Amino acid sequence: DSGVTQTPKHLITATGQRVTLRCSPRSGDLSVYWYQQSLDQGLQFLIQYYNGEERAKGNILERFSAQQFPDLHSELNLSSLELGDSALYFCASSVVRGREAGELFFGEGSRLTVL
Amino acid sequence: DAKTTQPTSMDCAEGRAANLPCNHSTISGNEYVYWYRQIHSQGPQYIIHGLKNNETNEMASLIITEDRKSSTLILPHATLRDTAVYYCIVRVAAVFGSARQLTFGSGTQLTVLP
């Protein structure tokens, strides 16, 4: 158990719909990262938040948005869903010790199926 | 972050050591070598990391060559549960307490055979 909690674990919806994925980081971790993993593209970094502010952005579509709340949990909003958005969505949080690069701890993911 | 090259797949007999190589010839001085693994459809799991020196923890050992251009992850006594995709990632140090994201490549599919 990494300590990172993601809900829901599974989600089935239709094209054109909107969904929200939720992530609770490990206690005390300030950074939250979102990743997408589809069958043909591997693990793709979407976005990072640090203490409520966007810190880095990867290959995140304009139809997707995220935020990190004052209690440090994060939500990833996916709108106008397309079949190609079907994927596993992982959240991670990180701890940094001193000058090291920091480990990321991943949740078990949310599996989104768009029909 | 520096690019890494790993073999696509490897097999290992159960109970034997699994040695997973990684090339990172363009690594710079402030970049760390990280290893993660992903067991089928589960979240990636941190294994070990290092900068210059060899490292060992309860899961594995990391051997980094003196020129830092390659490394080897060693699982000393592989079990069937070690079957997974193993990712070697090179990454710069954190900035202002915020760790950089990990950039995953294709990794090495390790299959531990009974």
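Scroll up to find the structure.
Residues numbered from 1 in each chain as written. Chains lettered and ligands numbered in written order. Predicted model: local features only at pLDDT ≥ 70, side-chain atom pairs only at ≥ 80, totals over all residues. Heavy atoms only, no water.

Caption draft 1: Geometry of the sheet that holds strand 7 (residues 70-75) of chain B. Residue and element names in this part refer to chain B. Taken in spatial order, the four strands make up an open sheet running 2-7-6-5, and their pairing is antiparallel. The two strands at the open ends of the sheet, each matched to only one other strand, are strand 2 (18-23) and strand 5 (55-56). In the sheet, strand 5 pairs with strand 6 (residues 61-64) via two bridges, with the strands oriented antiparallel. When the bridges of strand 6 are listed, E55 appears paired with L62. (Pairing = 2+ DSSP bridges. Helix = DSSP H or I, 4+ residues; strand = E, 2+ residues; numbered from the N terminus.)

Caption draft 2: Region of the structure containing the environment of D85 of chain A. Residue and element names in this part refer to chain A. Residue placement: D85 occurs in the loop between strand 8 (74-78) and strand 9 (87-95). A relative accessible area of 3% places D85 in the buried class. C-alpha of D85 to C-alpha of Q37: the two residues are 48 residues apart in sequence and 9.7 Å apart in space. Dropping the residues within four chain positions of it, D85 is found in contact with Q36, L61, R63, F64, S80, L112 and V114. Only 2.8 Å separates the side chain of D85 from the backbone nitrogen of E82, close enough to count as a polar contact. (Buried < 20%, exposed > 50% of the residue type's maximum accessible area, 1.4 Å probe, protein only. Contact = heavy atoms within 4.5 Å. Polar contact = N/O pair within 3.5 Å; in protein donor to acceptor, adjacent residues only side chain to side chain.)

Caption draft 3: Inspection of unusual backbone geometry at higher detail. Residues and elements named next belong to chain A. Along the chain, T7 connects to P8 via a cis peptide bond; the corresponding omega equals -10°. By the secondary structure assignment, P8 is in the loop between strand 1 (5-7) and strand 2 (10-13). One non-glycine residue, L72, lies in positive phi territory at about 80°. Secondary-structure assignment places L72 in the loop between strand 7 (64-68) and strand 8. Its identity is not glycine, yet S80 carries a phi of approximately 45°, on the positive side. Within the fold, S80 resides in the loop between strand 8 and strand 9. Taking the relative accessible area as the measure of exposure, S80 reaches 40% and is therefore partly exposed.

Caption draft 4: Structural context of the interface of chain B and chain A. Contacts between chain B and chain A engage 24 residues on the former and 24 residues on the latter. Of the roughly 1,900 Å² buried between chain B and chain A on both sides combined, carbon and sulfur atoms contribute 52%. For the interface between chain B and chain A, the tally reads zero salt bridges. Elements that contribute at least two residues to the side of chain B that touches chain A include exactly strand 3 (31-38), strand 4 (45-50) and strand 8 (84-92) of chain B. Among the elements that take part in the side of chain B that touches chain A, strand 3 of chain B stands out by supplying four residues, more than any other. Along the lines of polarity and charge, the residues of the side of chain B that touches chain A split into 14 nonpolar, eight polar and two charged. (Buried area = accessible area lost by both parts, 1.4 Å probe. Salt bridge = Lys/Arg side-chain N within 4 Å of Asp/Glu carboxyl O. Nonpolar A, V, L, I, M, F, W, Y, C, P; charged D, E, K, R; others polar.)

Caption draft 5: Local environment of the state of the cysteines. By the definition in use, this model includes two disulfides over all chains. One disulfide bridge connects C23 of chain A with C91 of chain A, the sulfur atoms lying 1.8 Å from each other. For the disulfide bridge between C23 of chain A and C91 of chain A, the dihedral angle about the S-S bond is near -60°, and by the sign convention the bridge is left-handed. Separated by 68 residues along the polypeptide, C23 of chain A in strand 3 (residues 19-24) and C91 of chain A in strand 9 bring together distant segments of the chain. What pairs with C22 of chain B in a disulfide is C88 of chain B, and their sulfur atoms sit 2.1 Å apart. One disulfide, between C22 of chain B and C88 of chain B, carries an S-S torsion of -80° and so falls in the left-handed class. Highlighted residues: C22 of chain B in strand 2 and C88 of chain B in strand 8, separated in sequence by 66 residues. Judged by relative accessible area, which is 2%, C88 of chain B ranks as buried. Free of any disulfide, C12 of chain B has its nearest neighbouring cysteine sulfur in C22 of chain B, separated by 18 Å. Overall, the relative accessible area of 8% leaves C12 of chain B in the buried class. (Disulfide = S-S within 2.5 Å.)

Caption draft 6: Fine view of the sheet that holds strand 3 of chain A. All names here are of chain A. If you walk across this open sheet you meet the four strands as 1-3-8-7, and the pairing is antiparallel. In the strand order of this sheet, the two ends are held by strand 1 and strand 7, each with one partner. Shown here is a sheet whose adjacent strand axes are inclined to one another by a mean of 15°, direction ignored. Note: strand 3 against strand 8, five bridges, orientation antiparallel. Residue pairing for strand 8: T20 is matched across the bridge by N77. (Axes fitted to C-alpha atoms, helices over the stretch in contact; angles between N-to-C directions.)

Functional significance is not addressed by these values, which are geometric in nature.
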